[in-house]
Amino acid sequence: MSPANGAFSANGHVVIVGASLAGLRAAEALREGGFRGRLTLVGDEPYEPYDRPPLSKQVLTGRAAPESTALPQVSGLDAEWRLGTPAVGLDLAAKRVRLADGEELGFDRVLIATGTRARPWPNPEEAALDGVITLRGRDDTVRLRDELAAGPRRVLVIGAGFTGSEIASACRGLGLPVTVTERAATPLAGALGGTIGTVAARLQREYGVDLRCGVSVTSLEGDDAGHVRRAHLDDGTTLEIDVAVVALGAQRNTEWLRDSGLGAGPRGVACDAGCRVFDMYGIVTDDIFAAGDVARSPHPLFGFEFLALEHWSNAIEQAEVAAHNMVHGESERRPYLHVPTFWSFQFGVSIKSAGVPPLGEQVIIVQGSADEPRFVALYGRRGRTVAAVTFDQGKWLEFYVNQIERAAPFPPQYRNVAQPESRQVLQAEFPDPALPTEGPMIVRTGHSPTERAWTLMPARGGRR
Amino acid sequence: MTMRIVVDLNRCQGYGQCVFLAPGVFELHGEEALMYDPGPDEEQLIPVVRAAAACPVQAIRVERPGEQA
C-alpha cells in the first residue's frame, strides 16, 4: 500500500451515493479492507438498505412485511447516514457531492451506486391514475399489496420481463385473475430469448394467467374518481381491470450527474474493469468509482463489451471490487471478472442463469426436458458457450459457470446426466436489440466509454 | 425485536434443510424456489441459527437482534 493510500485509509472520507445493496456491501467491504476513515452513505429513500427481491414475491403475497426486508448489517460499520436526501450533483474539481437539501459533502473518494428506477408508463396522465403502479421500492410494494388485497376484478401486468412475471405469479398465488401483455412473442424474451421464453409462456398459462403476446397496451382509462378501470390493446380489445402494473424495465439514475463531466448517461455510468469511472473524454478518474445496476463496465469474458448488469449478485461483487480498488494502489487493484448470475422464482419454478444469454445466437437443451420443465439450456455464440439457464436444476449451474469462464466449445462435446436423446441446436430468438424491451437485466451498452448522448432509432415496424 | 435474514439465492440449491429446521421461516415453492421471512420474530432465533448452520451451501446470513452496532 502506498503512503498516500495509507493516509487515505486512516483519515480519508468516502461518500457512497446510493444506500441499497451495492452501497451497503461497499461500506462493509471498505471496513473489512482496513478503511478507518469517515464513511457517509447517501440514500434517496428514507429507509435503511433493504433487499428488493422479496418485494415482488413474499411481500406482495403478504408472507412478509415490507419493513422486514432491511438487510443485515455488520457491527461496527460506523457510518454516517443521509437517508431521504437524494444527491443532485457532483463537482469533480471541488470533490463535493451536493444533496437535495443543500448540504454539500466533501469527499476524498466517492462511490456512485444510485441504481435504477422503474420505467414509468409513457402517458403521464394515465400513469397518475389510482391503481396504475410500477414496482421498484418498498413504497411501491405497499401500494400494490394494498390494491391486491382489495380484491380487484382483474390485474393487468404490462410487460412480461422477470419483474412482471413474478408479479403475475404472486397474483395467481393470491387467486386473482391476471392478464399479462407482452410486446415480444413470449415472456422473458429479452432476457432468455424466444425459444426458452416459450417454456415460460406455457408455465404462465398452466397457472391460469391470461397471457397475450405480440400485443401492446395503447391506453389506460380511468373512472370519474380517477381510478384505472379499462385498458385498450392495439389488437382492438378492451380489458376491464382494477389494477395496472407497469413492468417495462428500468431506467438508470444518472440525471444527477448530468453536469458532472463524467461519462454518465441513459445507458449508465461508464467505468473501467476496476470500477473507476471515466470522465466525458474517456479519461479514467482516480477517485470516482461506480458499482451496481448503474455501472456499465467492459467485461473481459465477453469481448470487453460494456455491460450493465441489473443483478443482485452483481451489486455485491462489483461493490466489493470497487471497495478493494478504493483502498489499494494500482499494483494491487482487482478487475471485475464475475460471471453474471441471477435467479427468478415464478409459478413454482426456480429459474437461474449464468453468463450473458442475450449474447447467445443459438440455444441447446443439454440436460432434462423443457416439457417438465426441468432442464439446463446452454447458449452459444460463434462456437463458444456464453450462458447457461436452468429451470429447477440450479445444482448444475456451477459446472456451467466453469464452462463459460473457460469459453468452452458450443455445442458442448461432453455427455451429461439426463441428456436428451436428441440434442438439437435451436435459434435463441432474441428480439431485435433495436426494439426497446421490457428489460433483459443484462444490457449490452456497446464499446465506447465516452458515449454520453445516444439516440434510440425508431423501431422498425415496431410499436410502443 | 426482530432478526434480519438474507439468503443468497444464487447459492441456494433448494436442499431444504432450512425448511425442516425452521419451518415457520423458510418454505419451498415447488422443487427449488425458496421463499423466506426476512424479518422473523425473536422466538425463531434458535431454529434460524440452526438452519443457517445446517445449510449445505452456507447461503443464509443472519443478524441477531441487537447485534448491529
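Please read all numbers here as calculations on a predicted model, not as lab measurements. The residue count restarts for each chain, going from 1 along the sequence in the order it is written. Chain labels run from A onward and ligand labels from 1 onward, assigned in the order the entries are written. For this predicted model, a pLDDT threshold of at least 70 governs which residues receive local features, and a threshold of 80 or more governs which side-chain atom pairs are given and counted, while totals over whole chains, interfaces and linings are taken from all residues. Water and hydrogen atoms were dropped before computing side-chain values, which therefore reflect all heavy atoms in the structure.

J.: Quick question: what am I supposed to make of the pattern of salt bridges here?
T.: Think of it this way: side chains of opposite charge can pair up when their charged atoms draw near. Residue and element names in this part refer to chain A. Salt bridges are identified by distance alone: a Lys or Arg side-chain nitrogen within 4 Å of an Asp or Glu carboxyl oxygen. Applying the stated criterion across every chain yields a total of 31 salt bridges over all chains. Linking E310 and R252 is a salt bridge whose minimum nitrogen-to-oxygen distance equals 2.8 Å. Residue E310 is located in the loop between β23 (306–309) and α7 (312–327), and its partner R252 is located in strand β17 (residues 250–252); the two are separated by 58 residues in the primary sequence. With respect to burial, E310 and R252 carry one shared label: buried. Connected through shared salt-bridge partners, R153, E221, D223, R229, R230, E240 and D242 make up one network. Helix and strand definitions here come from DSSP, where helices need a minimum of 4 consecutive H or I residues and strands a minimum of 2 consecutive E residues; each element is numbered from the N-terminal end. To sort residues, take the accessible area from a 1.4 Å probe on protein chains only and compare it with the maximum for the residue type: under 20% means buried, over 50% means exposed, and anything in between is partly exposed.

J.: Please clarify how empty space enclosed by the protein should be interpreted in this entry.
T.: Summary: where empty space remains is shown by rolling a probe the size of a single water molecule over the atoms. All names here are of chain A. Computed over the protein atoms alone on a 1 Å grid, cavities are sets of points where a 1.4 Å probe fits but cannot get out and pockets are open sets with protein on both sides within 12 Å along at least five of seven lines; a residue lines them when it has an atom within 4 Å of a point. Grid points are joined across faces, edges and corners, and a volume is the space filled by probe spheres set on the points. Inspection of every chain in the model, using the stated rule, returns four cavities of 30 Å³ or more. There is about 90 Å³ of room inside the largest cavity. Per-class residue counts for the lining of the largest cavity are 11 nonpolar, four polar and no charged. In this model, the second largest cavity occupies a volume close to 50 Å³. Every residue along the wall of the second largest cavity is listed here: A295, R296, S297, H299, L307, L309, N314, Q318 and Y336. Looking at which element gives the most residues to the lining of the second largest cavity, the answer is strand β22 (residues 295–298), with three residues. Per-class residue counts for the lining of the second largest cavity are four nonpolar, four polar and one charged. Under the scheme applied, nonpolar residues are Ala, Val, Leu, Ile, Met, Phe, Trp, Tyr, Cys and Pro; charged residues are Asp, Glu, Lys and Arg; polar residues are all the others, including Gly.

J.: Whenever I open this one, the interface of chain A and chain B confuses me. Can you help?
T.: Note: interface size is frequently given as the accessible area lost on complex formation between the parts. Here, two residues are considered to be in contact whenever any of their heavy atoms come within 4.5 Å of each other. Contacts between the two partners involve 32 residues from chain A and, on the opposite side, 29 residues from chain B. Summed over both partners, the accessible surface that disappears when two parts come together, traced with a 1.4 Å probe, is what is meant by buried area. For the pair chain A and chain B, the summed buried surface comes to about 2,500 Å²; carbon and sulfur atoms form 50% of the total. For the chain A face of the interface with chain B, the top three residues by lost area are A:R63, A:P72 and A:F345, together amounting to 25%. Counting the contacts that link chain A with chain B gives four salt bridges. For A:E28, the salt bridge is made with B:R61, and the minimal N-O distance between the two is 3.1 Å. Mapped by element, the contributors of at least two residues to the side of chain A that touches chain B are α7, β24 (341–346) and β25 (349–355) of chain A. In terms of residue count, the dominant contributor to the side of chain A that touches chain B is β24(A) (four residues).

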